[in-house]
Amino acid sequence: MPSIRSASISASLFLLTLIAVSAIALSGHTAEPSRKSLIVQARDSSEAATLVRSVGGELTHELNIINGVAALLTDEQLAELNQRDTLRISKNLMVSTSSRGRDRGRGSNSDSDSDSDSDSDSDSDSDSDSDSDSDPLDDGFPVLETDYPTRTNADVLHAAGITGAGVTIAFVDTGNSMVSNTIDYNASKQWRYLAQYDAVSEILLDTNDFGPGNPPAEQDLNGHGGHVTSVALSAKQTDSGNYNGIAPGADLVTIRAFDDKGDGTYADVIRGIEFAVDFKDAYGIQVLNLAFSGPPVSFYWEDPLNQAVMAAWQAGIVVVAAAGNAGPDPFSIGVPGNNPYAITVGALSDNFTPGDGTDDVLASFSAAGPTIDRFVKPEIVAPGGHILGMIPWDSFRGLVYADSRSDFPYFEMSGTSPATAIVSGVVALMLESDPSLSPDDVKCRLVASARAAEANDGSPAYSPFQQGAGLVDALGAIGSLETGCANPGLDVDADLAGTEHYIGQAAYDPVTEMVYIEGFGQPWDGSYTGNANPWTDANPWTDANPWTDANPWTDANPWTDANPWTDSDMSEGIAVNIWVDQE
């Protein structure tokens, strides 16, 4: 007769076996294979879709602008597609919004985004309840002085009646916060919010669906999109007559490609850019603001997001992209700022002395070039330290970084995101002044008129890999007659067709371990100095950017042992500016 102990053990083993067998039976014996989100490109999106369906994959996005689709595929389905030489397959990278104000380690409130936005609701009510005699720009909120219109000479153009009227800026971001009427209405008190596209859910609303007295619902639950939009467009006007925004007369299209926490995907952003291209004429879109950045994982022409950017440039849209906040080291320019065609923007800080340009300093977070493809980036810098913009206080960003709040609805944010919005606003002023300018013309005049920071001896205080051509000057850009100095040697048609790709003028000296520009000199050892150096009354680079030439790609890696994405799994996300401390 077995002992009680042995009988107990036998019973336990039997029970465990029964549980295991039951678990297998309940699970159907086999686990569902995991699927990856991938971007598949072919000769056109129709062919890509057909091939994905042929292996049983699930389509999620049709991306005509890059001749591809996004799809969910198992490893087995991916292996089958990889046997086809005509396809290019890449991961659908995660993208996320992230910009900073004064970070005090505040926790987030995950439930806050589902709550109604009482602040924006009151804004909408004040608009809808207004009668024909009321001033739509009088939203009852305070008007603070913002120094960036003055710092960039945009205020001089405002005084001359140039406000960006008739030019539409499209923002691919978290949406419009609807926090103030001065975003919905332009400086002439006319409704200027033309369209609201959600690239995630593919929902389009425009002036057939909303307008004066019937504003659209809250779209930006994060706050980042509302902030950069207000920096570029706010029509708030102080008692002294200064506008808060750079282009208070421009029109607005918002393209939401990020959720309330600031997360999204390559496919959503690409779909947003495709919308801007497809509806360029319908809404008069001439400027595309891309205030996000992520680590490069390929040469610029192989990146699907960069391909979409090039297609927008080819379509005649001026693309303004953030350099990113991964500085101050060399090779820190992110995607899509590494795109050679786009206007890439770095950031400077006023050193907490607004109105005094003599102690301005390059922000330490501002990403620096060159790119791995040897291009000198950024092209230009703009104010990007503790920039005042407007967001709802109960947005995700307003709650997490509550210490960055100023008088409602103002919020301080640092990064290359607000700097990018400032340059987008300047581009709108340029295009109002001369609607015939091509994207290359706009880039040329911006760069040719920029003011490089100078040291006491008159030499450039920062390398072109840090400040590009210098601080943006709206007045100088409009007065410039330069042509042909942007993107020389580049052919966007050939680039997109895959018949030719390009490298820039940067070079590396392995002996000194410095980067420099061929034919220009001024080698840079990659160091960053926080010493204040004035951009005030500084001179443009001599002969307007000798580093802008491009050479055809030679199928060789231009940097010895410099291929940073070789071991990358493409899992790092893109950020609408990594959160940085105030400077």
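See the structure printed just above.
Residues numbered from 1 in each chain as written. Predicted model: local features only at pLDDT ≥ 70, side-chain atom pairs only at ≥ 80, totals over all residues. Heavy atoms only, no water.

*Asks:* I'm lost on the state of the cysteines in this one. Help?
*Replies:* In the structure shown here, the tally under the stated rule is one disulfide. Between Cys444 and Cys485 runs a disulfide, and the two sulfur atoms are separated by 1.9 Å. Between Cys444 and Cys485 the sulfur-sulfur dihedral comes to about 110°; the bridge is accordingly right-handed. Placement of the pair is Cys444 in helix α14 (residues 439–449) and Cys485 in the loop between α16 (474–479) and α17 (492–497), with a sequence separation of 41 residues. (Disulfide = S-S within 2.5 Å. Helix = DSSP H or I, 4+ residues; strand = E, 2+ residues; numbered from the N terminus.)

*Asks:* What is the right way to look at helix α11 (residues 304–314) in this model?
*Replies:* Because an α-helix packs 3.6 residues into every turn, residues spaced three or four apart end up facing the same way. In terms of burial, α11 is largely enclosed, as ten of its eleven residues are buried. Three or more residues of α11 are buried, namely Pro304, Leu305, Asn306, Gln307, Ala308, Val309, Met310, Ala311, Ala312 and Trp313. Between the side-chain oxygen of the N-cap and the backbone nitrogen of Leu305 there are 2.8 Å, and the N-cap of α11 in question is Asp303. One or two steps after α11, the chain reaches Gly316, where phi turns positive at roughly 100°. (Buried < 20%, exposed > 50% of the residue type's maximum accessible area, 1.4 Å probe, protein only. Polar contact = N/O pair within 3.5 Å; in protein donor to acceptor, adjacent residues only side chain to side chain.)

*Asks:* What is the right way to look at the sheet that holds strand β3 (residues 68–74) in this model?
*Replies:* Spatially, four strands are ordered β2-β3-β1-β4 in an open sheet, and the strand pairing comes out antiparallel. Looking at which strands have only one partner, the edges of the open sheet turn out to be β2 (58–63) and β4 (88–91). Here the average twist between neighbouring strands, direction ignored, is 30°. The sheet contact formed by strand β1 (residues 35–41) and β4 spans four bridges and is antiparallel. Note that in β4 the partner of Val40 across the bridge is Ile89. In the packing of helix α2 (residues 45–54) onto the sheet, contacts are made with β1, β2 and β3, and the angle to β3 comes to roughly 10°. (Pairing = 2+ DSSP bridges. Axes fitted to C-alpha atoms, helices over the stretch in contact; angles between N-to-C directions. Contact = heavy atoms within 4.5 Å.)

*Asks:* Quick question: what am I supposed to make of the sheet that holds strand β19 (residues 506–509) here?
*Replies:* Sheet strands line up and pair through hydrogen bonds in the backbone, either parallel or antiparallel. Reading across from one edge, β19-β20-β21 is the order of the three strands in this open sheet, with antiparallel pairing throughout. What marks the edges here is a single partner per strand, and that holds for β19 and β21 (521–524). The average angle at which neighbouring strand axes cross in this sheet is 30°, direction not considered. Across two bridges, strand β20 (residues 514–517) lies against β21 in antiparallel orientation. Across the sheet, residue Val515 finds its bridge partner in β21, namely Trp524.

*Asks:* Would you mind showing me how to read the packing of helix α8 (residues 224–233) against helix α13 (residues 416–433) here?
*Replies:* When two helices pack together, their arrangement is given by the angle between the helix axes and the distance between those axes. At a minimum axis separation of 8 Å, α8 and α13 run at an interaxial angle of 40°. By the angle class used here, α8 and α13 are oblique. Like other packed secondary-structure pairs, α8 and α13 cross with a definite hand, here right-handed. Between α8 and α13, the residues in contact are His224, His227, Val228, Val231 and Ala232 and Ser417, Pro418, Ala421, Ile422 and Gly425, respectively. In terms of residue class, the contact of α8 with α13 is built from six nonpolar, four polar and no charged. (Parallel < 35°, antiparallel > 145°, perpendicular 65-115°, else oblique. Left-handed = near helix turned anticlockwise from the far one by under 90°. Nonpolar A, V, L, I, M, F, W, Y, C, P; charged D, E, K, R; others polar.)

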